[in-house]
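The lines below spell out each chain.
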Amino acid sequence: MTHTHTTTASRMPTLFIPHGAGPCFFMDWNPADAWDKTAAYLRSIAPSLPQRPRAIVLVTAHWLAPQPSMSTAERPGMLFDYHGFPAHTYELTYPAPGAPALAERVGGLLAGAGFAPAYDGERGYDHGTFIPLKVAFPDADIPVLQLSLLRSLDAAEHLRLGQALEPLRSEGVLIIGSGMSYHNMRGYGDPRSTAIGAEFDRWLGETVALPAPERNARLAAWDTAAGPSARLSHPPRAEEHLLPLHVVAGAAGDSRGAKVFTDRVMAVDISAFRFE
């Protein structure tokens, strides 16, 4: 199989988006409007882009692998990797085509950066992928390549992984990191977490706006550079919901980042970041 890529007139941004809690956008919640602002942000993404994406590379917090792995099915199925939610949420569909040819291109970029990419022809779209994309791109007509994180959870390696992907931005490919800027399961809903989450969120917003060398240095050392709020927001060995941000920051190259959305949900601030 061969894959040709084209250079576009304007580069795509890279995005870090909150994917919410399980299938939160497709079920009743308490309070009922808890996720309304996040859903509105996700719906705003497509109109904000310089052009319609040729494809989406989505880095999901819900797939950890020894080496960067890609889903290569032409028609990925659904992976309902959440538990205890209403029955109808296990009947959701997202029939977007896969992107096996793009996987070949991405694999070449990763191999050129010293990674040993892996390919998975069976894995379906997990909820870090299909839940936010079902809101942001409901027509499900843009090919999606699902990309794993590294099981090592090494922050610097995720930045380096992202740096290998930067050429895709000039090829009409939208790179999205899907996670949560705050993800301490014990902290959600606890008023004692509000100030902690707000402090870490402030640090993230300040960090992504820095010139790339300083930004990446801070992100590589995020667990100490941000002070105590870092590990209180993302406990040790559970930072997989933050690391998609590192990948999209790496893929941003010299592009500056900005916090483009924030809301307080379940007592903590959750945010989205964009690099362009």
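Along each chain, residues carry numbers from 1 onward, in the same order as the chain's sequence is written. Selection of residues for local features in this predicted model requires a pLDDT of at least 70, selection of side-chain atom pairs for listing and counting requires 80 or more, and totals for whole chains, interfaces and linings are taken over all residues. The basis for every side-chain value is the complete set of heavy atoms in the structure, and neither hydrogens nor water enter the calculation.

Engineer: Explain the overall build of the protein chain to me, please; I cannot follow it from the model alone.
Structural biologist: Helix and strand labels come from DSSP, where a helix needs a run of H or I of at least four residues and a strand needs a run of E of at least two; each type is numbered from the N terminus. Counting secondary structure elements, the protein chain contains nine helices and eight strands. Here the protein chain has a C-alpha radius of gyration of 17 Å; the compact-globule value for 276 residues is 19 Å, and the two agree. C-alpha atoms of the protein chain, sized along the principal axes, occupy 55 × 45 × 35 Å. Whether two residues are in contact is decided by their heavy atoms, any of which lying within 4.5 Å being enough. Partitioning the contacts of the protein chain with sequence separation of at least 6, the portion at a separation of at least 24 is 81%. Per-residue and other accessible areas follow the Shrake-Rupley method at a 1.4 Å probe size, with only the shown protein chains counted as cover for residues. Within the structure as shown, the protein chain displays about 10,900 Å² of accessible surface, and the carbon and sulfur contribution to it stands at 54%. The globule rule used here is 2.2 Å times the number of residues to the 0.38 power, and the radius of gyration it is set against is calculated over C-alpha atoms.

Engineer: How should I be thinking about the nonpolar core in this particular structure?
Structural biologist: Grouped burial of nonpolar side chains is what soluble globular proteins tend to show. V57, L102, V106, L165, L168 and L245 are the most contacted members of the largest nonpolar core, which has 43 residues in total. Of all the secondary-structure elements, those providing two or more residues to this core are β2 (55-65), α2 (100-112), β5 (144-150), α4 (155-165), β6 (173-179), α5 (194-208), α9 (243-251) and β8 (268-275). The greatest single-element share of this core, amounting to six residues, is contributed by α9. Residues in contact with L168, not counting those within four places in the same chain, are V57, L102, R105, V106, L109, V173 and I175. Within this scheme, the nonpolar core is defined by two criteria: the residues are buried Ala, Val, Leu, Ile, Met, Phe, Trp, Tyr or Cys, and they are joined through side-chain atoms within 4.5 Å. Think of it in three bands: with a 1.4 Å probe and only protein chains considered, a residue is buried below 20% of the maximum accessible area for its type, exposed above 50%, and partly exposed in between. If you look at the next biggest cluster of nonpolar residues, it comprises 38 residues, including I17, Y41, I176 and M180.

Engineer: Please explain the pairing of β2 as it appears in this structure.
Structural biologist: Side chains on a regular strand alternate between the two faces of the sheet. The buried fraction of β2 is high, at nine of eleven residues. When DSSP finds two or more bridges between a pair of strands, those strands are recorded as paired. In this structure, β2 lies alongside β6, joined through six bridges in parallel fashion. Residue pairing across strands places V57 opposite I175, the latter belonging to β6. Where β2 and β5 come together, six bridges link them in parallel fashion. Paired with L64 across the strands is L149, a residue of β5.

Engineer: What exactly am I supposed to notice about the environment of D139 here?
Structural biologist: Looking at where D139 falls in the secondary structure, it is placed in the loop between α3 (127-136) and β5. By relative accessible area, D139 is classed as exposed at 62%. The spatial distance from the C-alpha of D139 to the C-alpha of A96 is 8.1 Å, given a sequence separation of 43 residues.

Engineer: Is there a simple way to explain the side chain of N216 in this structure?
Structural biologist: In this fold, N216 is placed in helix α6 (residues 212-220). Those residues in contact with N216, other than ones at most four positions away along the chain, are L159, Q163 and A249.

Engineer: Would you take a moment to explain the packing of α4 against α9 for this structure?
Structural biologist: The geometry of a pair of packed helices is captured by two quantities: the angle between their axes and the separation between those axes. Here the axes come from fitting lines to C-alpha atoms, over the contacting stretch only for helices, and the angles between their N-to-C directions go from 0 to 180 degrees. Contact geometry for α4 and α9: axes closest at 6 Å, N-to-C directions at 40°. Regarding the angle of α4 to α9, the classification is oblique. As for the relative orientation of α4 and α9, their crossing is right-handed in sense. Residues A155, H158, L159, L161, G162, Q163 and L165 of α4 lie in contact with α9, whose contacting residues are L243, H246, V247, A249, G250 and A251. Per-class residue counts for the contact of α4 with α9 are eight nonpolar, five polar and no charged. The cut-offs work like this: below 35 degrees is roughly parallel, past 145 is roughly antiparallel, 65 to 115 is roughly perpendicular, and the gaps in between are oblique. The crossing is said to be left-handed when, going from far helix to near helix, the turn is anticlockwise and less than a right angle, and right-handed when the turn is clockwise. Polarity classes work like this: nonpolar for Ala, Val, Leu, Ile, Met, Phe, Trp, Tyr, Cys and Pro, charged for Asp, Glu, Lys and Arg, and polar for all others, with Gly in that last group.

Engineer: I keep staring at unusual backbone geometry and nothing clicks. Help me out?
Structural biologist: Residues apart from glycine generally show negative phi values, whereas peptide bonds are mostly found in trans. Each neighbour pair has its own omega, and for N30 with P31 the value is 0°, a cis peptide bond. A positive phi angle is found at L153, which is not glycine, with a value near 60°. Along the chain, L153 falls in the loop between β5 and α4. Assessed through its relative accessible area of 7%, L153 is described here as buried. Phi is positive for A267, close to 80°, though the residue is something other than glycine. Inspection of the secondary structure assignment puts A267 in the loop between β7 (257-265) and β8.

Engineer: I would appreciate a short explanation of the pattern of salt bridges in the present structure.
Structural biologist: Oppositely charged side chains can form a pair if their charged atoms are brought close together. The term salt bridge refers to a pairing of a side-chain nitrogen on Lys or Arg with a carboxyl oxygen on Asp or Glu at a separation within 4 Å. Inspection of every chain in the model, using the stated rule, returns 14 salt bridges. The salt bridge involving E166 is made with R11; its shortest N-O contact spans 3.1 Å. One end of the pair, E166, is in the loop between α4 and β6; the other, R11, is in the segment before β1 (14-18), with 155 residues separating them in the sequence. Accessibility expressed as a relative area gives 24% for E166, which makes it partly exposed. Across the pair R192 and D190 runs a salt bridge whose closest N-O atoms are separated by 2.8 Å. We classify R192 as exposed; its relative accessible area is 68%. Residue class for D190 comes out buried when judged on its relative accessible area of 17%.

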